[in-house]
Amino acid sequence: MVIGLEVHVQLKTDSKIFCSCPTAFGADANTQICPVCCGYPGVLPVLNRQAVEGLVRAALALGCRINERSVFARKQYFYPDLPKNYQISQADLPLAIHGHLDIEPQPGKKKTVRIQRIHLEEDAGKLLHAVGSRALDYSLVDLNRTGVPLMEIVSEPDIRSAEEASTYLENLRTILRYVGVSDCDMEKGSMRCDANVSIRPVGQEALGTRAEVKNMNSMRSVRDAITHEVARQTALVEGGGRVVQETRLWSQDQGTTQSMRSKEEAHDYRYFPDPDLVPLELSKEYVDTLRQSLPELPEARRVRYESELGLSPYDAAVLTAEKNWRTFLRPRSRGLMGPIARRPPNRSATG
Ligand SMILES: [Zn+2]
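Conventions we followed
- Residues numbered from 1 in each chain as written.
- Predicted model: local features only at pLDDT ≥ 70, side-chain atom pairs only at ≥ 80, totals over all residues.
- Heavy atoms only, no water.
- Salt bridge = Lys/Arg side-chain N within 4 Å of Asp/Glu carboxyl O.
- Pairing = 2+ DSSP bridges.
- Helix = DSSP H or I, 4+ residues; strand = E, 2+ residues; numbered from the N terminus.
- Contact = heavy atoms within 4.5 Å.
- Axes fitted to C-alpha atoms, helices over the stretch in contact; angles between N-to-C directions.

Another aspect to go through is the pattern of salt bridges. Applying the stated criterion across every chain, the model contains 23 salt bridges. Here the salt bridges do not stand alone but share partners, grouping Glu 229, Arg 232, Glu 246 and Arg 248 into one network.

Here you go:
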């Protein structure tokens, strides 16, 4: 099996990406909206500096190259949760490219998953088709989420099992929480994952036709959905059939994927540079300042716990899974944890 993941992560900001509406979760429908995020004619977007900073810091933590010049583009499609009928995203010139994330799905079996690109974009709204358990014969639109800043992290098709996919997501979540740019809560939708899944015979270089699986709302559903989709494609091909390129929706209740639409290609969206936003140009100094603001990352801390404290790889991995866990360790184990207490002063004050 060959898997590439597209992960959408909500960037932690006070306001939306192109207007000053708040981004707090759980507010009453349509109480956090304005003419800009509702797409009224004649309004102009103004880019949120905090969103750019969050993406650049995340990208640096993932070993990416930051493009000093990037361009916003309109991705055009019609859907009731998208009031402008286009989404402001990035196409040919994303903010960051060529990163990587190391995973160890089984002890001693390390591998590197390449990250193709990370770009900045705005979220769409939300459609409600039911109130409580009552299905509606119409749909309601909530635009509170419209214009919330997202980064889309696109991996190369380097993942080879459902287990590798969930390990990749777990490591990604850990790093982004360390850097403090998102809470990565899949249940609240601040981290969402789509998987491009294909199969090919052992030894074949060329990739098979892929299906894109959407609607996976937990780590477990990512594992279950990929396992199911690979089994479905395998049965199809072994029965003499052919995989078609399409988007499929995962249902955790039914344990299956259902065809949603034939998969569109990039050119179907008629991307073009957004004339309302100037190209984003970042100086080397600005990027360097953000690089210096990064905390010690989980991998470095894990290595340090092993070498400085003599912890086993397992203990070191457990103790570095959450950034703030050391907070609880220090008072009782001051002697053992001495080297941690002597961290340089520019690190996070939460430790
Ligand atoms: Zn707004």
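On to the sheet that holds strand S6 (residues 96-106), then. The strand order across the open sheet formed by nine strands is S2-S6-S7-S10-S1-S11-S12-S13-S14, and the pairing between neighbours is mixed. At either end of the open sheet lies a strand with only one pairing partner, and these are strand S2 (65-66) and strand S14 (256-262). The sheet contact formed by strand S1 (residues 2-10) and strand S11 (residues 191-198) spans eight bridges and is antiparallel. Note that in S11 the partner of His 8 across the bridge is Arg 192. Sheet strands in contact with helix H2 (residues 162-179) are S1, S6, strand S7 (109-122), strand S10 (149-155) and S11, and its direction is about 120° off that of S6.

So, about the sheet that holds strand S15 (residues 272-273). Reading across the sheet, the three strands line up as S5-S4-S15 and stay open at both edges, with antiparallel pairing between neighbours. Whereas interior strands pair on both sides, the edge strands pair on one side only; in this sheet they are strand S5 (86-89) and S15. In this structure, strand S4 (residues 73-76) lies alongside S15, joined through two bridges in antiparallel fashion. Within the sheet, the bridge partner assigned to Ala 73 lies in S15 and is Pro 273.

Any link to function would need more than the numbers given here.
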